[in-house]
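Next come the chains, spelled out residue by residue.
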Amino acid sequence: SRRREGAPSAWATTAGGSAYLHITGLSSGDTIVVTIEDSANNSVWATIVTFTLDGSAINGERIEIAGTIRRYARATYDVTGASISFPLAVALHRN
């Protein structure tokens, strides 16, 4: 299992938003869990989205987020397998 994270952004909203995941290629026999986390202080993080796509198919997913998205947000992913290679894009839109 390997964990990576993207660079945090730095602005907040109380109007919610949308999270997007696009998996554009497969990694045979491997799996992935992609999340988006937020933080008020860039050091204590909480998961606000967990995508259901697991890398078993090329696909996209959009999840609505209601309420507050705190100042900092980042995407994280955890992959499991032997020859891990997942071409993907993750985006967060704040209303």
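It should be noted that the structure appears before, not after, this text.
Residues numbered from 1 in each chain as written. Predicted model: local features only at pLDDT ≥ 70, side-chain atom pairs only at ≥ 80, totals over all residues. Heavy atoms only, no water.

J.: Give me the overall build of the chain: which residues, what numbers.
T.: For the chain, the helix and strand inventory stands at 0 helices and 8 strands. Going from the N terminus to the C terminus, the chain shows its helices and strands as β-β-β-β-β-β-β-β. Residue burial in the chain is summarised as follows: out of 95 residues, 33% are buried. Of the roughly 5,200 Å² that the chain leaves accessible, carbon and sulfur atoms contribute 51%. (Helix = DSSP H or I, 4+ residues; strand = E, 2+ residues; numbered from the N terminus. Buried < 20%, exposed > 50% of the residue type's maximum accessible area, 1.4 Å probe, protein only. Areas by Shrake-Rupley, 256 points an atom, 1.4 Å probe, with all protein chains shown as cover.)

J.: Can you explain the sheet that holds strand E6 (residues 59-65)? Please cite residues and give values.
T.: Reading across from one edge, E6-E3-E8 is the order of the 3 strands in this open sheet, with antiparallel pairing throughout. Of all strands in the sheet, those bounded by a partner on one side alone are E6 and strand E8 (88-94). In this sheet, adjacent strand axes meet at a mean angle of 10 degrees when their direction is disregarded. Relative to E8, strand E3 (residues 17-23) is paired through 7 bridges, and the arrangement is antiparallel. Each bridged residue has a counterpart across the sheet, and for Gly 17 the counterpart in E8 is Arg 94. (Pairing = 2+ DSSP bridges. Axes fitted to C-alpha atoms, helices over the stretch in contact; angles between N-to-C directions.)

J.: Summarise the packing of aromatic side chains; cite the residues concerned and give the values.
T.: Applying the stated criterion across every chain yields a total of 0 aromatic pairs. Just above the ring of Trp 11 sits the side chain of Arg 94; from NZ or CZ to the centre is 4.8 Å. (Phe/Tyr/Trp six-rings, centres within 6.5 Å; stacked < 30°, edge-to-face > 60°. Lys NZ or Arg CZ within 6 Å of the ring centre and 35° of its normal.)

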